[in-house]
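For reference, the chains in residue letters:
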Amino acid sequence: GDSVTQMEGPVTLSEEAFLTINCTYTATGYPSLFWYVQYPGEGLQLLLKATKADDKGSNKGFEATYRKETTSFHLEKGSVQVSDSAVYFCALRGSYNTDKLIFGTGTRLQVFP
Amino acid sequence: GAVVSQHPSRVICKSGTSVKIECRSLDFQATTMFWYRQFPKQSLMLMATSNEGSKATYEQGVEKDKFLINHASLTLSTLTVTSAHPEDSSFYICSARDPRAQYFGPGTRLLVL
(Lines give C-alpha, C1' and ligand atoms only; values in the text may rest on other atoms or scores of the structure.)
Protein backbone atom coordinates (compact mmCIF):
# COMPACT_ATOMS: atom_id res chain seq x y z
CA GLY A 1 0.00 0.00 0.00
CA ASP A 2 0.86 3.65 -0.10
CA SER A 3 3.41 4.87 2.43
CA VAL A 4 5.61 7.82 3.37
CA THR A 5 9.09 7.68 4.86
CA GLN A 6 10.77 10.72 6.34
CA MET A 7 14.00 11.23 8.19
CA GLU A 8 14.05 10.79 11.93
CA GLY A 9 14.71 13.74 14.13
CA PRO A 10 15.34 15.76 15.94
CA VAL A 11 17.10 18.03 13.52
CA THR A 12 19.03 20.66 15.44
CA LEU A 13 20.26 23.77 13.64
CA SER A 14 21.55 27.20 14.39
CA GLU A 15 19.60 30.19 13.18
CA GLU A 16 20.21 31.03 9.49
CA ALA A 17 21.40 27.50 8.70
CA PHE A 18 20.17 25.58 5.65
CA LEU A 19 17.46 23.00 6.27
CA THR A 20 16.68 19.78 4.45
CA ILE A 21 14.18 17.22 5.69
CA ASN A 22 14.04 14.18 3.45
CA CYS A 23 10.77 12.53 2.43
CA THR A 24 10.22 9.64 0.07
CA TYR A 25 7.00 7.91 -0.82
CA THR A 26 5.55 4.74 -2.26
CA ALA A 27 2.28 5.03 -4.14
CA THR A 28 0.49 3.84 -7.21
CA GLY A 29 -0.60 6.32 -9.79
CA TYR A 30 -0.09 10.03 -9.24
CA PRO A 31 -0.50 11.06 -5.62
CA SER A 32 -0.61 14.59 -4.27
CA LEU A 33 2.14 15.42 -1.80
CA PHE A 34 2.03 17.67 1.26
CA TRP A 35 4.11 19.07 4.05
CA TYR A 36 2.32 19.88 7.30
CA VAL A 37 3.80 21.70 10.28
CA GLN A 38 2.77 21.41 13.91
CA TYR A 39 3.83 24.16 16.29
CA PRO A 40 3.79 23.40 20.02
CA GLY A 41 0.26 23.15 21.36
CA GLU A 42 -1.36 23.64 17.97
CA GLY A 43 -2.93 21.46 15.30
CA LEU A 44 -1.24 20.45 12.07
CA GLN A 45 -1.22 23.21 9.47
CA LEU A 46 -0.70 22.79 5.77
CA LEU A 47 2.68 24.27 4.88
CA LEU A 48 2.85 23.52 1.16
CA LYS A 49 1.71 21.03 -1.43
CA ALA A 50 2.34 19.76 -4.94
CA THR A 51 -0.15 17.87 -7.03
CA LYS A 52 1.88 16.64 -10.00
CA ALA A 53 5.40 15.71 -11.00
CA ASP A 54 7.94 18.56 -11.13
CA ASP A 55 5.61 20.93 -9.27
CA LYS A 56 7.30 23.00 -6.60
CA GLY A 57 5.34 23.92 -3.52
CA SER A 58 6.51 26.92 -1.53
CA ASN A 59 5.42 28.92 1.50
CA LYS A 60 7.13 31.00 4.21
CA GLY A 61 10.54 30.40 2.61
CA PHE A 62 10.09 26.63 2.55
CA GLU A 63 10.16 24.72 -0.72
CA ALA A 64 9.66 21.15 -1.87
CA THR A 65 9.71 19.72 -5.39
CA TYR A 66 7.67 16.68 -6.46
CA ARG A 67 10.25 14.31 -7.97
CA LYS A 68 8.55 11.32 -9.50
CA GLU A 69 11.78 9.78 -10.74
CA THR A 70 13.13 9.54 -7.21
CA THR A 71 9.69 9.38 -5.49
CA SER A 72 10.78 12.21 -3.22
CA PHE A 73 9.42 15.46 -1.81
CA HIS A 74 12.25 16.86 0.31
CA LEU A 75 11.58 20.00 2.33
CA GLU A 76 14.16 22.80 2.17
CA LYS A 77 14.66 26.26 3.58
CA GLY A 78 17.67 28.43 2.93
CA SER A 79 17.81 30.18 6.30
CA VAL A 80 15.88 28.88 9.28
CA GLN A 81 14.65 30.98 12.18
CA VAL A 82 13.98 30.09 15.80
CA SER A 83 10.27 30.44 15.04
CA ASP A 84 10.54 27.54 12.57
CA SER A 85 11.02 25.13 15.48
CA ALA A 86 8.18 22.62 15.12
CA VAL A 87 7.37 19.11 13.96
CA TYR A 88 7.14 18.66 10.20
CA PHE A 89 5.05 15.90 8.60
CA CYS A 90 5.27 14.73 5.02
CA ALA A 91 2.04 13.26 3.66
CA LEU A 92 0.45 11.97 0.50
CA ARG A 93 -3.06 11.65 -0.80
CA GLY A 94 -3.50 8.81 -3.25
CA SER A 95 -4.76 9.17 -6.78
CA TYR A 96 -7.99 7.35 -6.10
CA ASN A 97 -8.98 8.68 -2.69
CA THR A 98 -9.60 12.37 -2.36
CA ASP A 99 -9.84 12.44 1.42
CA LYS A 100 -7.41 9.98 2.99
CA LEU A 101 -4.01 11.36 3.95
CA ILE A 102 -1.07 9.05 4.67
CA PHE A 103 1.54 10.59 6.93
CA GLY A 104 5.20 10.08 7.67
CA THR A 105 6.40 9.85 11.26
CA GLY A 106 7.18 13.53 11.59
CA THR A 107 10.54 15.24 12.07
CA ARG A 108 11.15 17.59 14.96
CA LEU A 109 13.17 20.68 14.06
CA GLN A 110 14.90 22.66 16.79
CA VAL A 111 16.49 25.95 15.85
CA PHE A 112 18.74 27.70 18.34
CA PRO A 113 19.75 31.36 18.24
CA GLY B 1 -7.55 30.04 8.56
CA ALA B 2 -10.18 27.62 9.73
CA VAL B 3 -9.97 26.42 13.32
CA VAL B 4 -10.64 22.99 14.75
CA SER B 5 -10.71 22.46 18.50
CA GLN B 6 -10.51 19.32 20.60
CA HIS B 7 -11.58 18.73 24.15
CA PRO B 8 -10.08 17.64 26.43
CA SER B 9 -6.46 18.23 25.54
CA ARG B 10 -5.31 15.64 28.06
CA VAL B 11 -7.16 12.92 29.92
CA ILE B 12 -6.12 10.27 32.39
CA CYS B 13 -8.55 7.48 33.20
CA LYS B 14 -8.70 4.12 34.88
CA SER B 15 -8.73 0.93 32.92
CA GLY B 16 -12.27 -0.17 32.06
CA THR B 17 -13.79 3.30 31.91
CA SER B 18 -14.98 5.12 28.79
CA VAL B 19 -13.60 8.40 27.55
CA LYS B 20 -15.25 10.85 25.15
CA ILE B 21 -13.23 13.24 23.01
CA GLU B 22 -14.91 16.11 21.21
CA CYS B 23 -13.85 17.66 17.93
CA ARG B 24 -15.39 20.95 16.81
CA SER B 25 -15.04 23.03 13.69
CA LEU B 26 -15.28 26.56 15.04
CA ASP B 27 -15.89 28.73 12.01
CA PHE B 28 -17.04 26.42 9.26
CA GLN B 29 -19.35 23.50 8.70
CA ALA B 30 -17.72 20.15 8.12
CA THR B 31 -19.67 17.35 6.53
CA THR B 32 -16.62 15.12 6.91
CA MET B 33 -14.34 14.76 9.88
CA PHE B 34 -11.46 12.36 10.43
CA TRP B 35 -10.00 10.70 13.50
CA TYR B 36 -6.31 9.83 13.65
CA ARG B 37 -4.19 8.12 16.23
CA GLN B 38 -0.49 8.67 16.77
CA PHE B 39 1.90 6.50 18.74
CA PRO B 40 5.24 7.90 19.87
CA LYS B 41 7.68 8.24 16.98
CA GLN B 42 5.13 6.83 14.55
CA SER B 43 2.92 8.18 11.81
CA LEU B 44 -0.55 9.53 12.26
CA MET B 45 -2.80 6.60 11.43
CA LEU B 46 -6.29 7.24 10.11
CA MET B 47 -8.81 5.44 12.30
CA ALA B 48 -12.10 6.43 10.73
CA THR B 49 -13.92 8.91 8.55
CA SER B 50 -16.95 10.51 10.14
CA ASN B 51 -19.78 11.77 7.96
CA GLU B 52 -22.50 13.99 9.37
CA GLY B 53 -25.75 12.13 9.74
CA SER B 54 -24.44 8.72 8.75
CA LYS B 55 -22.29 5.93 10.12
CA ALA B 56 -18.56 6.36 10.29
CA THR B 57 -16.29 4.44 7.96
CA TYR B 58 -13.56 2.62 9.86
CA GLU B 59 -10.13 1.70 8.57
CA GLN B 60 -9.09 -1.91 8.51
CA GLY B 61 -8.09 -3.18 11.94
CA VAL B 62 -9.95 -0.49 13.91
CA GLU B 63 -12.65 -1.89 16.20
CA LYS B 64 -15.82 0.09 15.62
CA ASP B 65 -17.41 -1.14 18.85
CA LYS B 66 -14.44 0.07 20.84
CA PHE B 67 -14.00 3.44 19.14
CA LEU B 68 -17.49 4.86 18.82
CA ILE B 69 -17.83 7.86 16.54
CA ASN B 70 -20.79 10.17 16.41
CA HIS B 71 -21.09 13.09 13.99
CA ALA B 72 -24.41 14.52 15.01
CA SER B 73 -23.98 18.03 13.64
CA LEU B 74 -21.96 19.86 11.01
CA THR B 75 -19.61 21.25 13.66
CA LEU B 76 -19.18 18.41 16.12
CA SER B 77 -17.83 14.89 16.01
CA THR B 78 -17.13 12.77 19.08
CA LEU B 79 -14.88 9.77 19.59
CA THR B 80 -15.64 7.56 22.57
CA VAL B 81 -13.04 5.03 23.65
CA THR B 82 -15.10 2.38 25.41
CA SER B 83 -13.72 0.18 28.17
CA ALA B 84 -10.31 1.75 27.78
CA HIS B 85 -7.18 -0.27 28.43
CA PRO B 86 -3.54 0.81 28.79
CA GLU B 87 -2.83 -0.13 25.16
CA ASP B 88 -5.35 2.54 24.11
CA SER B 89 -3.07 5.21 25.54
CA SER B 90 -2.15 7.39 22.61
CA PHE B 91 -2.48 10.80 20.98
CA TYR B 92 -5.79 11.23 19.17
CA ILE B 93 -6.12 13.90 16.50
CA CYS B 94 -9.19 14.96 14.59
CA SER B 95 -9.46 16.91 11.38
CA ALA B 96 -12.34 18.54 9.58
CA ARG B 97 -12.72 19.14 5.91
CA ASP B 98 -14.25 21.99 3.98
CA PRO B 99 -14.25 22.17 0.17
CA ARG B 100 -10.74 23.61 0.12
CA ALA B 101 -8.67 21.72 2.65
CA GLN B 102 -8.39 19.63 5.78
CA TYR B 103 -7.86 21.42 9.09
CA PHE B 104 -6.47 19.64 12.13
CA GLY B 105 -7.20 19.91 15.82
CA PRO B 106 -4.40 20.16 18.42
CA GLY B 107 -4.87 16.60 19.60
CA THR B 108 -5.91 14.82 22.80
CA ARG B 109 -3.46 12.81 24.82
CA LEU B 110 -5.09 9.82 26.51
CA LEU B 111 -3.40 7.91 29.30
CA VAL B 112 -5.12 4.82 30.62
CA LEU B 113 -3.82 3.55 33.94
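Residues numbered from 1 in each chain as written. Chains lettered and ligands numbered in written order. Predicted model: local features only at pLDDT ≥ 70, side-chain atom pairs only at ≥ 80, totals over all residues. Heavy atoms only, no water.

(A) Seen up close, the overall build of chain A. Helix and strand counts for chain A stand at 0 helices and 12 strands. In sequence order, chain A lays out its α and β elements as β-β-β-β-β-β-β-β-β-β-β-β. Here the C-alpha radius of gyration of chain A, 13 Å, is about what a compact globule of 113 residues would show, namely 13 Å. Expressed along its principal axes, the backbone C-alpha trace of chain A runs to roughly 45 × 30 × 20 Å. Expressed as a percentage of its 113 residues, the buried residues of chain A come to 42%. Looking at chain A alone, contacts between residues at least 24 apart form 56% of all its contacts between residues at least 6 apart. Accessible surface, chain A as shown: approximately 5500 Å² in total, 48% of it carbon and sulfur. Positive and negative side-chain charges in chain A, numbering 10 and 12 respectively, have mean positions lying 6 Å apart. (Helix = DSSP H or I, 4+ residues; strand = E, 2+ residues; numbered from the N terminus. Rg over C-alpha atoms; globule rule 2.2 N^0.38 Å. Buried < 20%, exposed > 50% of the residue type's maximum accessible area, 1.4 Å probe, protein only. Contact = heavy atoms within 4.5 Å. Areas by Shrake-Rupley, 256 points an atom, 1.4 Å probe, with all protein chains shown as cover. Lys, Arg positive; Asp, Glu negative; His and termini not counted. Charge placed at Lys NZ, Arg CZ, Asp CG, Glu CD.)

(B) The interface of chain A and chain B, seen in detail. Contact residues are listed per partner, giving 15 residues for chain A and 16 residues for chain B. Across the chain A/chain B interface, buried area totals approximately 1200 Å², and carbon plus sulfur atoms make up 54% of it. When the buried surface of chain A facing chain B is broken down by residue, Leu-44, Asp-99 and Phe-103 of chain A rank first, second and third, together holding 38% of it. Counting across the chain A and chain B interface gives 1 salt bridge. Linking chain A with chain B are 2 residue pairs in polar contact (both at pLDDT 80 or more). (Buried area = accessible area lost by both parts, 1.4 Å probe. Salt bridge = Lys/Arg side-chain N within 4 Å of Asp/Glu carboxyl O. Polar contact = N/O pair within 3.5 Å; in protein donor to acceptor, adjacent residues only side chain to side chain.)

(C) Structural view of the environment of Gly-78 of chain A. Residue and element names in this part refer to chain A. Relative to the elements of secondary structure, Gly-78 occurs in the loop between strand E9 (75-77) and strand E10 (86-93). Overall, Gly-78 belongs to the partly exposed group, its relative accessible area being 48%. In sequence terms Gly-78 and Leu-19 are 59 residues apart; their C-alpha atoms lie 6.4 Å from each other. Those residues in contact with Gly-78 that sit more than four places away from it in its chain are Glu-16, Ala-17, Phe-18 and Gly-61.

(D) Molecular detail of the state of the cysteines. Residues and elements named next belong to chain B. On inspection of all chains with the given rule, the structure shows 2 disulfides over all chains. With its sulfur 2.0 Å from that of its partner, Cys-23 forms a disulfide with Cys-94. Residues Cys-23 and Cys-94 share a disulfide whose torsion about the S-S bond is about 80 degrees; that sign makes it right-handed. Of this pair, Cys-23 sits in strand E3 (residues 19-25) while Cys-94 sits in strand E9 (residues 90-97), and the two are 71 residues apart along the sequence. (Disulfide = S-S within 2.5 Å.)

(E) Quick peek at the sheet that holds strand E8 (residues 62-65) of chain A. Residues and elements named next belong to chain A. Here 4 strands make up an open sheet; going across it, the order is E3-E9-E8-E7 and the pairing antiparallel. Each edge of the open sheet is held by one strand with a lone partner, namely strand E3 (19-21) and strand E7 (56-59). Geometrically, the sheet is characterised by an average inter-axis angle of 15 degrees between neighbouring strands, direction not taken into account. Sheet topology note: the E7/E8 ladder contains 4 bridges and is antiparallel. Within the sheet, the bridge partner assigned to Gly-57 lies in E8 and is Ala-64. (Pairing = 2+ DSSP bridges. Axes fitted to C-alpha atoms, helices over the stretch in contact; angles between N-to-C directions.)

(F) Here's a closer look at the packing of aromatic side chains. Considering all chains together, one arrives at 11 aromatic pairs over all chains under this definition. Among the aromatic side chains, those forming a connected cluster through ring pairs are Phe-34, Tyr-36, Phe-89 and Phe-103 of chain A together with Tyr-36 and Phe-104 of chain B. (Phe/Tyr/Trp six-rings, centres within 6.5 Å; stacked < 30°, edge-to-face > 60°.)

(G) Here's a closer look at the pairing of strand E4 (residues 32-38) of chain B. All names here are of chain B. Burial analysis of E4 places 7 of its 7 residues in the buried class, the great majority of the element. On E4, burial covers both faces: Thr-32, Phe-34, Tyr-36 and Gln-38 on one face and Met-33, Trp-35 and Arg-37 on the other are all buried. Between E4 and strand E5 (residues 44-51), which follow one another and run antiparallel, lie 5 residues, and Lys-41 among them has a positive phi close to 60 degrees. Two elements, E4 and E9, share 7 bridges in a ladder whose sense is antiparallel. Of the residues in E9, the one forming a bridge with Gln-38 is Phe-91.

(H) Spotlight on the pairing of strand E11 (residues 108-112) of chain B. Residue and element names in this part refer to chain B. Burial of the side chains of E11 is restricted to one face: Thr-108, Leu-110 and Val-112 are buried, whereas none of Arg-109 and Leu-111 on the reverse face is. The pairing of strand E2 (residues 10-13) with E11 spans 4 bridges and is parallel. Bridging from a neighbouring strand, Cys-13 pairs with Val-112 of E11. Relative to E11, E9 is paired through 3 bridges, and the arrangement is antiparallel.

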